[in-house]
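A look at the structure
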Amino acid sequence: VALVLASKTERAVLLTCDSGQYTNGGECCLECPPGEGVVKKCGATQTVCAQCLDETFSENYSHTEQCRPCTQCTGLMRLETPCTDSNDAVCVCNYNFFFDTISGRCEPCTVCPVGQGVFAHCEHNHDTVCEECVDDTFSDRESSLEPCLPCAICDDETEIQLALCSPTPLPGGETTTSSAGSPRFLGHGLNENLIPIYCSILAAVVVGLVAYIVFKRWNSCKQNKQAANNRAATNNQMVTPEGEKLHSDSGISVDSQSLQEQQQQQQQQQQQVRVDGDPQSDSPPPEV
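Described below are features of the structure shown in this document.

The rules behind the values
Residues numbered from 1 in each chain as written. Predicted model: local features only at pLDDT ≥ 70, side-chain atom pairs only at ≥ 80, totals over all residues. Heavy atoms only, no water. Helix = DSSP H or I, 4+ residues; strand = E, 2+ residues; numbered from the N terminus. Buried < 20%, exposed > 50% of the residue type's maximum accessible area, 1.4 Å probe, protein only. Contact = heavy atoms within 4.5 Å. Areas by Shrake-Rupley, 256 points an atom, 1.4 Å probe, with all protein chains shown as cover. Disulfide = S-S within 2.5 Å.

A few points about the overall build of the protein
Counting its secondary structure elements, the protein contains three helices and 16 strands. For the protein, the proportion of its 288 residues judged to be buried stands at 17%. At a minimum sequence separation of 6, the contacts of the protein that also span at least 24 residues come to 36%. A total accessible area of about 21500 Å² is found for the protein, and carbon and sulfur atoms account for 55% of it.

Considerations on the state of the cysteines
According to the stated counting rule, one finds eleven disulfides in the structure shown. A sulfur-sulfur separation of 1.8 Å characterises the disulfide bridge that pairs Cys73 with Cys91. Across the disulfide from Cys73 to Cys91, rotation about the S-S bond amounts to roughly -85 degrees, and the bridge is consequently left-handed. Note that Cys73 is positioned in the loop between strand S4 (68–69) and strand S5 (77–81) and Cys91 in strand S6 (residues 90–93), a separation of 18 residues in sequence. Judged by relative accessible area, which is 21%, Cys91 ranks as partly exposed. Across the disulfide from Cys151 sits Cys165; the S-S distance is 1.8 Å.

The values reported here are purely geometric and, on their own, carry no functional implication.
The following block contains the structure:
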């Protein structure tokens, strides 16, 4: 037995053991990989590992480390990288804040004053870096985002420069720049530049009016034509006693009004014959 134990110890010394710890039987203790934690430590038996679940993680090879709970981002911190079974969550300072290594907490980003522009924007790990506005640049407002803006150059032919560009506003509240960031100026050619725009707008209005008038005329003609067609169709469908046709057995059509007029003429002739004493007055009327 002693020889068997000695041989195991010799093999353990000769083989590299990453954990540096052995079981009671002389075996090198196994390490749990990232994503798994130690459930039962190495000793009488070998190391027992299990997967990290339920917002827990293990990021190292270890024969002693258990799964740890993930970090929760609170306060001025925001989540940058979510937690996994092998990596903890990464929290950084909220936007417009940076982590100050001196105070050890999130601090508000610096706002560059008037006359200075942003050289480097504020990030979660460093503050805003400002620079003085020089070489025909300016900044007329406090900002943590805008850099120094270049001064506008006036056109000698169409513009007059009313004030020189300076890095900061003039004393007395008068600034050298407009809200758009360019020096205020009076342009002599402004009206000339607007004439084509006005002409284009006027032409569009005229074309629109002409198109509207043409459409109204076309629509009116269409409605009148449709109404005339409707009246003609109605007249064709109407039947009057004067226009009624009688059809005889032989297929000859006779106008009823003309037949009535012929009968009245025959009756008048018979009455005249009776008055004159014609012996044929009692004879029946001729057949028609």
